[in-house]
Structures are given as C-alpha cells and as structure tokens.
Amino acid sequence: MKDLVLSESLATARTRLAEALRAAGRPATDARLLAVSKTKPAAMIREAWHLGQRDFGENYVQEALDKQAELADLHDIVWHFIGPLQSNKTRAVAEHFAWVHSVDRDRIARRLNDQRPEGLEPLNVCLQVNISGEPSKSGVTLDELPALAESVLAMPALRLRGLMAIPAPAEEIEAQREPFARLRRALEALRVRFPEAPLDTLSMGMTADLEAAVLEGATLVRLGTAIFGERTARQ
Ligand SMILES: *Cc1c(COP(=O)(O)O)cnc(C)c1O
C-alpha cells in the first residue's frame, strides 16, 4: 500500500463495516470504527480526523503522548489505549486516555483507578480476555474473568464497558467466529451477573477478521492496516 490515499482507505473501511453489519442483520449504528494509528504519524491522524474519524487506538505510551501533544487542538478526539500495559505506564494512560482496552489484572486496574485525575470522567475500561487460551498471550482467562470484573466494577474512577480479545489467527470465517462467539457469551454472562453495569462494548475484529467479529456482535472494531496501510518497523 505504497500510494495509500487515506480518504479512499477510510471510505472503504467504512463501507466494509456497513456491509458487515447489514450481512449480520444489525443496525448500521451498532458498531463503530476504532482507527488503530500505532507507528503512523500525527499528520495521518489529523487527516483522518478531518475525514470525520474520532476514535483512535494507540499501543505504545510514549509514542501516543507525543502525537497527542501535536494534536492537542483536536478537542473531540477520543484516545484508546489498546496495547500491553505495564505498571510504570499506568499513570500516563490514566491521565491521557479516555479508554483502555487491555486491562487484564487487578493490580493494573487498581493503579489506573488511583491515578485517574479527579476532574476527568471515569476511564472507560475493557477487560482483555485470552480467548484462544494461548499460554504466552496477554489477557485474563475466562475462569478468572468474573472476579476481575467484580473488582473493577467497585472502582469509582473506572467504568467497566466490556471485553476485548485478539484471537489466534485463523483463515476460515467459521474458525474466526468461534473465539468471538465465546467472548460474546462471556459478556452476556457478565451482564446477567452484574445487571447494573454499563456493559455495552465488545472490542473485537481487526483488518483480517472484521466480518467474523461483526457477525458475533462486535461494537468496536479495531482497524489499523485497512485504514492506514501496512506498518513497517515500529517508529
Ligand atoms: C495493531 C492492532 C490492531 C490493528 O490491527 P490491523 O490488523 O492492522 O487491523 C488492533 N488491535 C490491537 C490490539 C492491535 O495491537
């Protein structure tokens, strides 16, 4: 994707999401695009913002802070932190993001809650689930999920919105759907268990598996390559 034209790739991504929602028999407003801008320059984010995109996902804290400083004039931009989160980075995330999708342990949640500045809205949180059960991957197990959810729900500076997962790659759409269906059922179970909680978000689906995720109820699809083109080495 050398000659990427952002207006075209973004329009194509929007059409792709709209088609997937239609194929799933879901309303057009049921899911939105999170533009994953990691490794991409602030100028591209600004261009996407001018094309109407508001939600952006970043994986690396320092890179994100640099771009946020450059884009401070875009007041209604919504920053999502979607990468692995170490303890020494929680304060920056608590102070500079509206959402975190990658909370997978109590210690990290507690630090985000303690470090969220008082003047800001509660930090929107998705719990990352290791949905394919891969030993070396981030994410809470399905067994540990209810206890972590209960703990986060008691933290006043966090607002538990739902679940996020990155399944093991699969080629066929049926194979792609299975882990997404498990994540959807896990969210449904949490809703039954915690009926008062604002659990409205399934953060799932990327460039390779958006359609499968939307068929299984994704509400926030995280598209990087499809919008911004291939990534080379990390900046
Ligand atoms: C990089 C990344 C994405 C986007 O992946 P693409 O395949 O480029 O769409 C989505 N989610 C997470 C957590 C990522 O790290």
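Here is a short report on the structure shown in this document.

What counts, and where the lines are drawn
- Residues numbered from 1 in each chain as written.
- Predicted model: local features only at pLDDT ≥ 70, side-chain atom pairs only at ≥ 80, totals over all residues.
- Heavy atoms only, no water.
- Helix = DSSP H or I, 4+ residues; strand = E, 2+ residues; numbered from the N terminus.
- 1 Å grid on protein atoms, 1.4 Å probe; cavity = no way out; pocket = protein on both sides within 12 Å on 5 of 7 lines; lining within 4 Å.
- Points joined across faces, edges and corners; volume = space filled by probe spheres on them.
- Nonpolar A, V, L, I, M, F, W, Y, C, P; charged D, E, K, R; others polar.
- Buried < 20%, exposed > 50% of the residue type's maximum accessible area, 1.4 Å probe, protein only.
- Pairing = 2+ DSSP bridges.
- Right-handed = clockwise from strand over helix to strand, strands pointing away.
- Core = buried A, V, L, I, M, F, W, Y, C linked by side-chain atoms within 4.5 Å.

Time to look at the environment of phenylalanine 81. For phenylalanine 81, the position within the fold is in strand β3 (residues 78-81). Note: C-alpha distance between phenylalanine 81 and alanine 94 (13 residues apart in sequence) is 9.8 Å.

Size it by volume and the largest pocket reaches roughly 410 Å³. Lining the largest pocket we find 24 residues, and of these Lys38, Asn59, Ile166, Met206 and Arg222 sit closest to its centre. Each residue belonging to the lining of the largest pocket can be placed in one class, and the counts come to eleven nonpolar, eight polar and five charged.

Of all five residues that make up strand β1 (residues 32-36), four are buried, and the element is covered over most of its length. Pairing geometry for β1 and strand β8 (residues 220-223), over four bridges, is parallel. Its bridge partner being in β8, leucine 34 is matched across the sheet by arginine 222. Where β1 and strand β2 (residues 55-58) come together, two bridges link them in parallel fashion. Looking across to β2, one finds that valine 36 is bridged to glycine 57. Assessed by its sense of winding, the connection that carries the chain from β1 through helix α2 (residues 42-50) to β2 is right-handed.

Turning our eyes to something else, we now look at unusual backbone geometry. The backbone of threonine 39 sits at a positive phi, close to 70°, despite the residue not being glycine. Looking at the secondary structure, you find threonine 39 in the loop between β1 and α2.

The next point concerns the nonpolar core. Leu112, Leu127, Leu163 and Ile227 are the most contacted members of the largest nonpolar core, which has 67 residues in total. Of all the elements, helix α1 (residues 6-23) adds the most residues to this core, at six residues. One finds Leu34, Val36, Ile82 and Leu220 within the second-largest nonpolar core, a separate group that totals seven residues.

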